[in-house]
Number of protein chains: 2
Amino acid sequence: MNNNATDKDGLNILQRADISKTPQRLAVLNILLKSTTPLNVSCVRELLTGKNRIDRVTVYRILSLFKQRGIIREITSTGGVNFIEMATQENPVHPHFSCRSCGMLSCLEPLTFSQSHQLISAKEDYSVDHIEINISGICSGCRNATMLQKQSGKGEQ
Amino acid sequence: MNNNATDKDGLNILQRADISKTPQRLAVLNILLKSTTPLNVSCVRELLTGKNRIDRVTVYRILSLFKQRGIIREITSTGGVNFIEMATQENPVHPHFSCRSCGMLSCLEPLTFSQSHQLISAKEDYSVDHIEINISGICSGCRNATMLQKQSGKGEQ
DNA sequence: ATTATAGTTGCAACTTAGTTGCATTTTTGT
DNA sequence: ACAAAAATGCAACTAAGTTGCAACTATAAT
Ligand SMILES: [Mn+2]
Ligand SMILES: [Mn+2]
Ligand SMILES: [Zn+2]
Ligand SMILES: [Zn+2]
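Rules used in this analysis
- Residues numbered from 1 in each chain as written.
- Chains lettered and ligands numbered in written order.
- Predicted model: local features only at pLDDT ≥ 70, side-chain atom pairs only at ≥ 80, totals over all residues.
- Heavy atoms only, no water.
- Least-squares fit on C-alpha atoms with pLDDT ≥ 70 in both.
- Near = heavy atom within 4 Å.
- Polar contact = N/O pair within 3.5 Å; in protein donor to acceptor, adjacent residues only side chain to side chain.
- Helix = DSSP H or I, 4+ residues; strand = E, 2+ residues; numbered from the N terminus.
- Nonpolar A, V, L, I, M, F, W, Y, C, P; charged D, E, K, R; others polar.
- Expected span 1.5 Å × (residues − 1).
- Buried < 20%, exposed > 50% of the residue type's maximum accessible area, 1.4 Å probe, protein only.
- Arc of directions from axis to C-beta.
- Donors = N, O, S within 2.8 Å, 3.2 Å for Na, K, Ca; no water.
- Contact = heavy atoms within 4.5 Å.
- Buried area = accessible area lost by both parts, 1.4 Å probe.
- Salt bridge = Lys/Arg side-chain N within 4 Å of Asp/Glu carboxyl O.
- Pairing = 2+ DSSP bridges.
- Axes fitted to C-alpha atoms, helices over the stretch in contact; angles between N-to-C directions.
- Parallel < 35°, antiparallel > 145°, perpendicular 65-115°, else oblique.
- Left-handed = near helix turned anticlockwise from the far one by under 90°.

## Re the relation of the copies chain B and chain A
Part 1 of the reasoning: Of the two same-sequence chains, chain B is brought onto chain A (RMSD 0.1 Å, axial shift 0.0 Å) by a rotation of 180°. Seen this way, the second copy is the image of the first under a two-fold rotation axis. Using C-alpha coordinates, one finds that chain B approaches the rotation axis most closely at Ile133 of chain B, a distance of 2.2 Å.

Printed below as a string of structure tokens:
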């Protein structure tokens, strides 16, 4: 979602979703559009600095609206913090990798419908509207850090 | 995990895991063994009534130990509440269904290794140690309730 | 231009999940 | 029975997320 997003993109998205375009909503949208990884609410707020600072509650309300209108999707990550990412045509639902050590969340290759379809053996009387595949472990950054530590003689965490 | 679990099962599990057997740990273990669905910490505590009541912190510490020793596994559910279930040979990792309306979490059919394997296109430099597949929507109970409401002339929520 | 109306924001207060430090109690090994 | 080690309970805390309400802002009608 990073490819040189402009303010116009944000305006268009709000317009298409029939949402009134306030500076706060545009600010949040621009942050999400610019980000290369899913963000949690704290991260979004840290990026809303200076003139763009927005009350915590407002951020939650904006995100809740965006989610309801299908503009963003939520990623339920281990560790009790929810992440969000843009939900566009070019960014279909996909698995995520969450690092146990640093908490980083990154996107993995999307599944085709047929691939994901076969793993839903939900009883027929459930109506499915969302699938999350969350994979966790240790990211390359953290693994390298640990290796360096071991080489320099220090013990495990 | 419901099939007539006895106190002996709990003792055996603790023994095999080389964990000292305290009444608190046995009480938690017995609740998990008896439950037919994954439980969250609040549920576990509600079931620890009377003589068996245990401090909230102790419950967290016990569960954290059980998880570390592979006795239980955690299910990261939508809504910020984590669920737990017994992690035994006969109960391999499997997808879960979480109802958006009532919050109920239920177990779905397990995936074979080859099935789950193909959906992990993690970059090679990540080390994967956990996969969660969470499916959410509306459970049959809630759907029926909604239908009855509609029939009796009331509107949607 | 004035005013009514609905929608949006910010603030304060609250709830709930989970954690940390420390004193007291219980297990366990001798 | 006893000492060391481990486990528990309590109080206090953090962090995510929610609710109610008053103030503000855009819009639409007069
Ligand atoms: Mn993603
Ligand atoms: Mn299960
Ligand atoms: Zn990491
Ligand atoms: Zn339900």
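Picking up where we left off.
## Considering the protein's contact with DNA strand D
Part 1 of the reasoning: Around DNA strand D, the structure places 18 residues, and the nearest of them are Arg56 and Tyr60 of chain A together with Thr22, Arg25 and Arg61 of chain B.
Part 2 of the reasoning: Backbone atoms, meaning sugar and phosphate, make up 56% of the atoms of DNA strand D lying within 4 Å of the protein.
Part 3 of the reasoning: Tyr60 of chain A places a side-chain nitrogen or oxygen 2.9 Å from a phosphate oxygen of DNA strand D.
Part 4 of the reasoning: Within the side chain of Gln24 of chain B, an N or O atom sits 3.0 Å from a sugar or linking oxygen of DNA strand D.
Part 5 of the reasoning: A per-element tally of the surface near DNA strand D places helix H4 (residues 56-68) of chain B first, with five residues.
Part 6 of the reasoning: By residue class, the composition of the surface near DNA strand D is six nonpolar, six polar and six charged.

## Here we look at unusual backbone geometry
Part 1 of the reasoning: For Asp18 of chain A, which is not glycine, the phi torsion reads 60° and is therefore positive.
Part 2 of the reasoning: Residue placement: Asp18 of chain A occurs in the loop between helix H1 (7-16) and helix H2 (23-34).

## Here we look at H4 of chain B
All names here are of chain B.
Part 1 of the reasoning: If you check H4, its first and last C-alpha atoms are 19 Å apart, about what 13 residues at 1.5 Å a residue would give, namely 18 Å.
Part 2 of the reasoning: Taken residue by residue, H4 has Val59, Ile62, Leu63, Leu65 and Phe66 as its buried positions. Buried residues along H4 cover an arc of 160° about the axis, so they all sit on one side. Across from the buried face of H4, at angles greater than 90 degrees, the exposed residues are Arg61 and Gln68.
Part 3 of the reasoning: The opening residue of H4 is Asp55, an N-cap whose side-chain oxygen sits 3.0 Å from the backbone nitrogen of Val57.

## What to know about the coordination of the manganese ion (ligand 2)
Part 1 of the reasoning: Around the manganese ion (ligand 2), the protein contributes the donor atoms Glu85 of chain B (OE), His94 of chain B (NE2), His96 of chain B (NE2) and Cys107 of chain B (SG), which lie 2.0 to 2.3 Å from the metal centre.
Part 2 of the reasoning: Glu85 of chain B gets classed as buried once you look at its relative accessible area, which sits at 6%.

## Points about the interface of chain B and chain A
Part 1 of the reasoning: In this complex, chain B contributes 37 residues to the contact, which on the side of chain A involves 37 residues.
Part 2 of the reasoning: Carbon and sulfur atoms supply 51% of the area that chain B and chain A bury against each other, a total of about 3,000 Å² over both sides.
Part 3 of the reasoning: There are two salt bridges connecting chain B and chain A.
Part 4 of the reasoning: Counting across the interface, chain B meets chain A through twelve residue pairs in polar contact (both at pLDDT 80 or more).
Part 5 of the reasoning: With twelve residues, strand S6 (residues 127-138) of chain B is the largest single contributor of residues to the side of chain B that touches chain A.
Part 6 of the reasoning: Its residues assigned to classes, the side of chain B that touches chain A comprises 16 nonpolar, 13 polar and eight charged.
Part 7 of the reasoning: Pairing of strand S6 (residues 127-138) of chain A with S6 of chain B involves eleven bridges; the strand directions are antiparallel. In the strand pairing of S6 of chain B, Val128 of chain A is matched with Gly137 of chain B.

## Points about the coordination of the manganese ion (ligand 1)
Residues and elements named next belong to chain A.
Part 1 of the reasoning: For the manganese ion (ligand 1), the protein coordination sphere consists of Glu85 (OE), His94 (NE2), His96 (NE2) and Cys107 (SG), at 2.0 to 2.3 Å.
Part 2 of the reasoning: Every donor residue of the manganese ion (ligand 1) comes from the same chain, spaced as E-x8-H-x1-H-x10-C. Here Glu85, found in strand S3 (residues 82-86), pairs with His96, found in strand S4 (residues 96-99); they are eleven residues apart in sequence, far enough to count as distant. Grouping residues by exposure puts Glu85 and His96 together as buried.

## Quick look at the sheet that holds strand S2 (residues 72-76) of chain B
In sheet architecture, strand pairing relies on hydrogen bonds along the backbone and comes in two forms, parallel and antiparallel.
Residues and elements named next belong to chain B.
Part 1 of the reasoning: If you trace the three strands from one edge of the open sheet to the other, you get S1-S3-S2, paired in antiparallel fashion. Each edge of the sheet is formed by a strand with only one pairing partner; in this case those strands are strand S1 (39-40) and S2.
Part 2 of the reasoning: With five bridges joining them, S2 and strand S3 (residues 82-86) adopt antiparallel strand pairing. Its bridge partner lying in S3, Thr76 is registered against Asn82.
Part 3 of the reasoning: Helix H2 (residues 23-34) rests against S1, S2 and S3 of the sheet, and its axis sits at about 85° to S3.

## Points about the packing of H2 of chain A against helix H4 (residues 56-68) of chain A
All names here are of chain A.
Part 1 of the reasoning: Interaxial distance between H2 and H4 falls to 10 Å at its minimum, and their mutual angle equals 70°. The angle between the axes of H2 and H4 places the two elements in the roughly perpendicular class. Classified by chirality, the crossing of H4 by H2 is right-handed. When H2 is examined against H4, the residues Gln24, Arg25, Val28, Leu29 and Leu32 are found in contact with a partner set consisting of Ile62, Leu63, Leu65 and Phe66.
Part 2 of the reasoning: Here the contact of H2 with H4 is composed, by residue class, of seven nonpolar, one polar and one charged.

What is shown is where atoms sit, not what they do.
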